[in-house]
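# Tertiary structure, described
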Amino acid sequence: MAEKNAEPFKKEKIRIDKTEFVTKKEFYVCIMVSFCILLGVVLWQGTRIVYRIEEKGNQIQNSLQEHLSFEISNILNSIRHALEEGENPLLESHLELMGIDEKKKTVTVLTEVVPKEYEKGMQVTFLLSCDEKEPISVLAEEKMGKVFSAIQTFPYCSSITGKVLLQKGNLEEVQYLDELSLGGELYPQIDGFANYSFLYQGSKTEFSVDDIQVNVFLPIDSLQGKRDYLREPEVQVFHNRKLVEEISLQREWDIDGEGQVCRGKGKKRFAAEVGDTFTVMFAGTTMSGTQYTYILEQGKVEKNGEFASCVDEMPKEERLKIW
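Sequence positions are assigned chain by chain, starting from 1 and proceeding in written order. Local features in a predicted model are, by the rule used here, given only for residues with pLDDT of at least 70; side-chain atom pairs are given and counted only at 80 or more, and totals for whole chains, interfaces and linings are based on all residues. To obtain the side-chain values, all non-hydrogen atoms of the structure were included, while hydrogens and water were left out.

Glancing now at the overall build of the chain. Of the regular secondary structure elements, the chain holds three helices and 22 strands. Each residue is placed in one exposure class: buried if its accessible area under a 1.4 Å probe, protein chains only, is under 20% of its type's maximum, exposed if it is over 50%, and partly exposed if it falls in between. Counting across all 323 residues of the chain, residues that qualify as buried make up 31%. Strands here are runs of E lasting at least two residues and helices are runs of H or I lasting at least four, both read from the DSSP assignment and numbered beginning at the N terminus.

Further remarks concern a nonpolar patch on the surface. Among the surface-exposed residues, Val-29, Val-33, Ile-37 and Val-41 lie close enough to one another that they form a single nonpolar patch of about 340 Å² accessible area. Note that Val-29 resides in helix H1 (residues 2–87). Patches were defined on residues exceeding 30% relative accessible area and lacking a salt bridge, with like-charge contacts within 9 Å and nonpolar side-chain contacts (Val, Leu, Ile, Met, Phe, Trp, Tyr) within 5 Å. Where accessible areas are quoted, they stem from the Shrake-Rupley method and a 1.4 Å probe; at the residue level, only the protein chains shown are allowed to cover. Whenever a carboxyl oxygen of Asp or Glu lies within 4 Å of a side-chain nitrogen of Lys or Arg, that contact is scored as a salt bridge.

With that settled, the discussion passes to a negative patch on the surface. Note that His is not counted, nor are the chain ends; the positive residues are Lys and Arg, and the negative ones are Asp and Glu. Taken as the charge centre is NZ of Lys, CZ of Arg, CG of Asp or CD of Glu, depending on the residue. Together, Asp-131, Glu-132, Glu-179, Glu-317 and Glu-318 line one region of the surface with negative charge. Along the chain, Glu-318 turns up in helix H3 (residues 316–319).

Pairing between strands is defined by DSSP: at least two bridges between the two strands are required. Spatially, four strands are ordered E1-E2-E6-E5 in an open sheet, and the strand pairing comes out antiparallel. Edge positions in the open sheet fall to strand E1 (90–101) and strand E5 (141–143), since each of these has one partner strand only. Between one strand and the next, the sheet's axes are offset by a mean angle of 25 degrees, whatever the strand orientation. Inspection of the sheet shows E1 paired to strand E2 (residues 106–115) by ten bridges, in the antiparallel sense. Residue pairing across strands places Gly-99 opposite Thr-108, the latter belonging to E2. Geometry is summarised by axes, namely lines fitted to C-alpha atoms with helices restricted to the contacting stretch, and by angles between N-to-C directions that run from 0 to 180 degrees.

Our next topic: the environment of Val-138. The topology assignment puts Val-138 in strand E4 (residues 136–139). On a C-alpha basis, the gap between Val-138 and Thr-111 in space is 9.8 Å, while along the polypeptide they are 27 residues apart. The contact criterion used is simple: two residues touch if any of their non-hydrogen atoms lie within 4.5 Å. Excluding anything up to four places from it in sequence, Val-138 contacts Val-124, Thr-125, Phe-126, Ala-150 and Gln-152.

Take the pattern of salt bridges next. Counted according to the given criterion, the structure contains three salt bridges. Residues Lys-168 and Glu-173 are paired through a salt bridge, measuring 3.8 Å at the closest nitrogen-oxygen approach. Owing to a relative accessible area of 10%, Lys-168 belongs among the buried residues under this scheme. When salt bridges that share partners are traced, they join Glu-117, Lys-168 and Glu-173 into one network.

The next point concerns the environment of Ser-129. Tracing the sequence through the fold places Ser-129 in strand E3 (residues 123–130). Sequence spacing of Ser-129 and Phe-154 is 25 residues, and the spatial spacing of their C-alpha atoms is 9.0 Å. Setting aside residues no more than four positions away along its own chain, Ser-129 makes contact with Pro-135, Ser-159, Ile-160 and Thr-161. Definition of a polar contact: a pair of N or O atoms within 3.5 Å, with one able to donate and the other able to accept a hydrogen when the atoms are protein atoms, and with sequence-neighbouring residues admitted only if both atoms are side-chain atoms. Here the side chain of Ser-129 touches Glu-132 through a polar contact of 3.4 Å, landing on its backbone nitrogen.

Let us now look at the packing of aromatic side chains. Side-chain rings of Phe, Tyr and Trp (the six-membered ring for Trp) are treated as a pair once their centres are within 6.5 Å; stacked means planes under 30 degrees apart, edge-to-face means over 60, and tilted covers the remaining angles. Within this structure, the stated rule accounts for eight aromatic pairs. Each ring, one from Tyr-196 and one from Phe-198, has its centre 6.4 Å from the other, and the planes form 85 degrees; the classification is edge-to-face. For the ring pair Phe-198 and Phe-307, a centre distance of 5.8 Å and an interplane angle of 40 degrees mean the geometry is tilted. Separated by 109 residues along the polypeptide, Phe-198 in strand E10 (residues 189–201) and Phe-307 in strand E21 (residues 307–309) bring together distant segments of the chain. A single burial state applies to Phe-198 and to Phe-307, both of which are buried. What links up through ring pairs into an aromatic cluster is the set Tyr-196, Phe-198, Phe-207, Phe-278 and Phe-307.

It is worth spelling out unusual backbone geometry at this point. Phi is positive for Asp-131, close to 55 degrees, though the residue is something other than glycine. Summarising the element assignment, Asp-131 is placed in the loop between E3 and E4. Judged by its relative accessible area of 31%, Asp-131 is partly exposed. Even without glycine at this site, Glu-232 takes up a positive phi of about 50 degrees. With respect to the helices and strands, the residue Glu-232 is situated in strand E14 (residues 230–239). Residue classification places Glu-232 among the exposed residues on the basis of a relative accessible area of 69%.

Set out below in structure tokens:
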């Protein structure tokens with residue numbers, strides 16, 4: 001019995017040895033695969049680190065270049081300013097708003113200069129321009145302290161520019177003056193929209209104005225220190241330049257309490273044909289009596305029945321009028 005059981009025992013032992021040999025081979029293969037994966041991860045991380053270092057280096061280089069450019073620009077501006085000051089024949093100069101006449105729609109401006117080199121009997125003349133129109137020549141009056149000044153009245157405009165002419169015998173010197181901006185003193189900030197629609201019924205087309213909103217921010221009177229406001233604002237609709245509808249607007253103050261928001265809605269419809277023009281215009285009068293008009297929408301009906309708006313192409317001075 002013992003001999004019969006020996007052979008199976010040996011065969012089983014050989015199988016076990018063979019199994020152990022295969023497991024070692026697989027183990028080495030796993031080690032090699034793991035090593036390759038680890039090597040790939042290390043190389044990938046290394047590549048990322050190198051990329052980040054290069055990226056950081058580029059950022060530092062760009063930052064240094066920007067800083068150097070900024071410093072060089074400041075130095076050049078300082079040199080330019082010093083040269084200009086050295087050539088400037090004036091110690092002081094300024095344009096100042098003295099008054100606003102809302103009824104006549106005019107502004108009064110004071111111009112003063114103090115020359116660096118004063119000479120008795122010298123003559124000073126201002127050449128002043130309103131909105132870059134033809135300049136007006138104004139002879140300055142000499143005051144105490146070697147100050148030369150002049151007061152001049154202009155119609156409403158956005159800015160006053162000019163230059164001063166200094167005459168000492170046969171010597172003449174010219175110096176430009178800083179611009180005096182008047183837009184914030186005289187002109188309101190007006191913007192808004194007027195929605196419109198076309199109704200097609202067979203061969204007929206009808207035009208109508210729907211929701212309207214106009215935001216009005218009137219300037220503060222710098223001389224009186226108070227802000228004007230609107231009374232009875234409205235929107236006027238013109239069909240082929242003929243007034244066909246007047247739409248009253250409801251007023252309310254904005255969140256800051258400094259501007260007014262005007263809202264309304266049209267009620268009429270108008271038969272429209274190809275070539276017809278429509279203009280939707282805001283109109284308002286302030287408590288002080290100044291009248292403003294502002295074109296919200298303007299265009300004409302084309303062959304395809306669409307409304308070709310041209311309001312975005314209009315210059316601001318054509319859209320906003322002061323009366």
